[in-house]
Amino acid sequence: MNYWLVKSEPYKYSWKNLLKDKKTTWDGVRNYGARNNLKSMKKGDLVFFYHSNEGLEIVGIAKVVKEFFQDPTTTETAWVSVELAPYKTLKKPVTLAFLKNDSFLKEIELVRLSRLSVSKVTETQFLKICELGEVTL
DNA sequence: GCCAACGTTGGC
DNA sequence: GCCAACGTTGGC
């Protein structure tokens, strides 16, 4: 099992939208690093859902329900999508400011590679953030 | 294959 | 609205 994090600008697609939709196609990724991460996702992997621009916090955990396939928003075969479904909502969102201030969590790719829209999360980071978010898996 | 110019992302 | 970080493009 691997752990990931995706960013979304809430005015475009928020965690609430995902809860309402029950599942969504994660499309529109046009960055090779992010694309490679999408390709590495396995069914059942857990994915933090982060609100960028507004909120600046991790708000939920989604689950990979379908592994990568051609991104339906383009005919260029370089780009892929996965399907995500909501899994758990964090009782207490974990903010970027908090992560940056934590000597352990500041190593997370979300902080280190701030422009990457799909990033990796280690198991330890994942569990720590779940604890902070008061969410039980 | 290097690197300057430029564009984009996203936090502040 | 600014700017740092970083990816991409294109000339050489």
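Residues numbered from 1 in each chain as written. Chains lettered and ligands numbered in written order. Predicted model: local features only at pLDDT ≥ 70, side-chain atom pairs only at ≥ 80, totals over all residues. Heavy atoms only, no water.

1. Here we look at a nonpolar patch on the surface
And then number 1: A grouping of Tyr87, Leu127 and Leu137 is seen on the molecular surface, where their side chains present a nonpolar patch of about 260 Å² in accessible area.
And then number 2: You can see Leu137 is positioned in the segment after α5 (123-132). (Patch = residues over 30% accessible without salt bridge, like charges linked within 9 Å, V, L, I, M, F, W, Y side chains within 5 Å. Areas by Shrake-Rupley, 256 points an atom, 1.4 Å probe, with all protein chains shown as cover. Salt bridge = Lys/Arg side-chain N within 4 Å of Asp/Glu carboxyl O. Helix = DSSP H or I, 4+ residues; strand = E, 2+ residues; numbered from the N terminus.)

2. Overview of the protein's contact with DNA strand C
And then number 1: Around DNA strand C sit Asn31, Tyr32 and Arg115, and those are all the residues in its vicinity.
And then number 2: Backbone atoms, meaning sugar and phosphate, form 58% of the atoms of DNA strand C found within 4 Å of the protein.
And then number 3: Here a base oxygen of DNA strand C and a side-chain polar atom of Arg115 are 2.8 Å apart. (Near = heavy atom within 4 Å. Polar contact = N/O pair within 3.5 Å; in protein donor to acceptor, adjacent residues only side chain to side chain.)

3. A look at the environment of Thr24
And then number 1: Relative to the helices and strands, Thr24 resides in strand β2 (residues 24-26).
And then number 2: Put simply, Thr24 and Leu84 are 60 residues apart on the chain and 5.4 Å apart in space, counted from C-alpha to C-alpha.
And then number 3: The contact partners of Thr24, leaving out residues within four places of it in the chain, are Tyr13, Leu18, Val82, Glu83 and Leu84.
And then number 4: There is a polar contact of 3.5 Å between the side chain of Thr24 and the side chain of Tyr13. (Contact = heavy atoms within 4.5 Å.)

4. Some details on the protein's contact with DNA strand B
And then number 1: Lining the immediate surroundings of DNA strand B are Lys7, Glu9, Tyr50, Ser52, Asn53, Leu56, Leu96, Lys100, Ser114 and Arg115.
And then number 2: In DNA strand B, atoms within 4 Å of the protein come 77% from sugar and phosphate.
And then number 3: A distance of 2.8 Å separates a base oxygen of DNA strand B from a polar side-chain atom of Arg115.
And then number 4: Classifying every residue of the surface near DNA strand B by side-chain character gives three nonpolar, three polar and four charged. (Nonpolar A, V, L, I, M, F, W, Y, C, P; charged D, E, K, R; others polar.)

5. Here's the deal with the sheet that holds strand β4 (residues 57-70)
And then number 1: Spatially, β2-β5-β4-β3-β1-β6 is the arrangement adopted by the six strands of the open sheet, whose pairing is mixed. Each edge of the open sheet carries a strand with a single partner, namely β2 and β6 (118-121). On average, each strand axis in the sheet is tilted by 40° relative to the strand beside it, whichever way the strands run.
And then number 2: For β4 and strand β5 (residues 80-95), the ladder comprises ten bridges, and the chain directions are antiparallel. Across the sheet, the residue bridging to Gly60 is Thr89, located in β5.
And then number 3: Sheet contacts for α5: β1 (3-8), β3 (46-51), β4, β5 and β6; angle to β3, the most-contacted strand, approximately 60°. (Pairing = 2+ DSSP bridges. Axes fitted to C-alpha atoms, helices over the stretch in contact; angles between N-to-C directions.)

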